[in-house]
Amino acid sequence: MHVHPLLASRFSPLRFDPESTLTDDDVDLLLEAARWAPSAGNSQPWAYFTARRDEPEHKRIVRHLAASSGRWAPSAGLLVVTMAHRFVEDTDWAYSDFADYDLGQSVAHLTLQAHAMGLACRQFRAFDLDALTEDLSPGAGWHIVSMIAIGRAAEDRPQDRERRTTSDLRTAPWSGAL
Ligand SMILES: Cc1cc2nc3c(=O)[nH]c(=O)nc-3n(C[C@H](O)[C@H](O)[C@H](O)COP(=O)(O)O)c2cc1C
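Quick notes on the rules
Residues numbered from 1 in each chain as written. Predicted model: local features only at pLDDT ≥ 70, side-chain atom pairs only at ≥ 80, totals over all residues. Core = buried A, V, L, I, M, F, W, Y, C linked by C-beta atoms within 7 Å. Buried ≥ 20, exposed ≤ 12 C-beta atoms within 10 Å, placed from the backbone. Helix = DSSP H or I, 4+ residues; strand = E, 2+ residues; numbered from the N terminus. Contact = placed C-beta atoms within 7 Å. Near = placed C-beta within 6 Å. UniProt positions renumbered as here; feature names shortened; annotations may be inferred.

**Student:** I'd like to hear about the nonpolar core, residue by residue, with values.
**Tutor:** Counting residues in each nonpolar core, the largest one holds 33 residues, and the members touching the most others are Leu79, Ala149 and Ile150. For this core, the elements supplying multiple residues, two or more each, are α2 (24-35), β2 (78-85), α5 (99-116), β3 (120-124) and β4 (142-151). The residues contacting leucine 79, other than those within four sequence positions of it, are Ala51, His58, Ile61, Ala73, Met147 and Ala149.

And the structure:
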């Protein structure tokens with residue numbers, strides 16, 4: 001048995017084809033995949049602000065990118081801002097203890113759907129969070145968490161990717177205590 005090819009072949013490119021575009025149906029399908037992720041109590045504490053390269057919202061987001069992501073993210077066909085519903089409106093009560101966890105899982109679904117469609121994603125946090133929050137003004141209790149650049153990869157999957165071993169996953173958190 002091997003890890004499923006969809007998982008094994010996924011990677012996060014740093015170069016996107018600047019000519020490649022996504023259709024409305026492509027964007028709908030990505031969000032459809034995100035929508036079907038599991039979440040604590042089926043709370044679905046996620047929201048996605050989308051901007052294709054040819055839409056006015058794209059410029060609005062691009063100006064908040066850091067210098068690093070500004071070098072590659074604008075050429076992706078689609079930029080997505082992810083948001084988590086952390087608090088009940090106008091209170092400090094948690095809407096869900098798992099809001100960010102569930103958002104991450106929803107993003108994972110979106111990422112694999114994109115890969116199945118021949119698209120690649122690079123998630124990133126290299127942007128001005130305060131300025132973007134002020135600009136997009138998410139609803140009360142909602143917080144911007146990350147962004148995703150989605151498009152056709154303009155590079156091959158690197159050969160030298162590194163991951164911790166499965167035995168490390170099983171032992172690392174407990175090894176000091178034993
Ligand atoms: C929450 C999150 C934040 C990330 N932030 C950045 C970032 O700011 N800049 C960047 O170049 N890559 C960023 N990445 C991409 C990771 O560096 C990348 O997923 C990791 O190196 C593993 O590579 P792979 O996705 O190709 O397997 C981020 C990924 C995640 C999930």
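Having seen the structure, we can now continue with the description.
**Student:** Hey, could you go over the site of the ligand for me, with residue numbers and the actual values?
**Tutor:** Around the ligand, the neighbouring residues are Phe11, Ser12, Ser69, Arg122, Gln123, Phe124, Arg125, Ala126, Ser146 and Arg161. For the shell around the ligand, the element with the highest residue contribution is β3, accounting for 3 residues.

**Student:** Tell me about the UniProt feature "domain: Nitroreductase" (unreviewed entry) in the protein chain, and please be specific about residues and values.
**Tutor:** With numbering aligned to this structure, UniProt lists the feature "domain: Nitroreductase" (unreviewed entry) at residues 8-66. Within residues 8-66, the helical portion is 34% and the strand portion 12%, while the C-alpha atoms at the span's ends are 29 Å from each other.

**Student:** Any chance you could break down the environment of arginine 10 for me, citing the residues and the numbers?
**Tutor:** Positionally, arginine 10 belongs in the loop between α1 (5-8) and α2. In this structure the C-alpha to C-alpha distance between arginine 10 and threonine 111, which are 101 residues apart in sequence, comes to 8.7 Å. In this view, arginine 10 contacts Thr111, Leu112 and His115; residues no more than four positions away in its chain are not counted.

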